Amino acid sequence: MINKIKVLAADVDMTLSSKSSPLPKITIQALQELHNRGVKLGLATGREITEMKKQKEYSGN
């Protein structure tokens, strides 16, 4: 079945991770495996861009 997947789009906040938490290691591994199999990945958030900028500064990235 995984061979039929061409694109995966997912909301990050409260879907792939808990609010204000990094992605779990198992989720990162799954996304890497999908990427390695040629699946196009799209990550999204409903937060405003200013909130994302604050989060990025907070996390040190």
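Summarised in this report is the structure supplied together with it. (Residues numbered from 1 in each chain as written. Predicted model: local features only at pLDDT ≥ 70, side-chain atom pairs only at ≥ 80, totals over all residues. Heavy atoms only, no water.)

**What about the overall build of the chain?**
Phase 1: Across its full length, the chain carries 2 helices and 2 strands.
Phase 2: The linear arrangement of helices and strands in the chain, starting from the amino end, is β-α-β-α.
Phase 3: Considering only contacts within the chain whose residues lie at least 6 apart along the sequence, 64% involve residues at least 24 apart.
Phase 4: Accessible surface computed for the chain: about 5200 Å², of which carbon and sulfur atoms make up 58%. (Helix = DSSP H or I, 4+ residues; strand = E, 2+ residues; numbered from the N terminus. Contact = heavy atoms within 4.5 Å. Areas by Shrake-Rupley, 256 points an atom, 1.4 Å probe, with all protein chains shown as cover.)

**A look at helix 1 (residues 25–36)**
Phase 1: Given a rise of 1.5 Å per residue, 12 residues ought to cover 16 Å, and the 16 Å separating the end C-alpha atoms of helix 1 matches this to within 8%.
Phase 2: Turning to helix 1, its buried residues are Thr27, Leu31 and Leu34. Along helix 1, the residues classed as buried sweep out an arc of 60 degrees about the axis, all on the same side. Opposite its buried face, helix 1 presents the exposed residues Lys25, Ile26 and Asn36, each directed more than 90 degrees away.
Phase 3: Elements that come into contact with the buried residues of helix 1 comprise strand 1 (7–11) and strand 2 (40–44).
Phase 4: Backbone geometry just downstream of helix 1 places glycine 38 in the positive-phi region, at approximately 90 degrees. (Expected span 1.5 Å × (residues − 1). Buried < 20%, exposed > 50% of the residue type's maximum accessible area, 1.4 Å probe, protein only. Arc of directions from axis to C-beta.)

**Here's the deal with the environment of aspartate 11**
Phase 1: With respect to the secondary-structure elements, aspartate 11 resides in strand 1.
Phase 2: For the pair aspartate 11 and leucine 43, spaced 32 residues apart in sequence, the C-alpha to C-alpha distance is 5.8 Å.

**Looking at the environment of lysine 4**
Phase 1: Along the chain, lysine 4 falls in the segment before strand 1.
Phase 2: With relative accessibility at 72%, the residue lysine 4 sits in the exposed group.
Phase 3: When the C-alpha atoms of lysine 4 and valine 39 are compared, they prove to be 9.3 Å apart, with 35 residues separating the residues in sequence.

**Brief notes about a nonpolar patch on the surface**
Phase 1: On the surface, a cluster of nonpolar side chains totalling about 200 Å² of accessible area is made up of Ile5, Leu8 and Leu41.
Phase 2: Tracing the backbone shows leucine 8 in strand 1.
Phase 3: Its relative accessible area of 30% is what places leucine 8 among the partly exposed residues. (Patch = residues over 30% accessible without salt bridge, like charges linked within 9 Å, V, L, I, M, F, W, Y side chains within 5 Å. Salt bridge = Lys/Arg side-chain N within 4 Å of Asp/Glu carboxyl O.)

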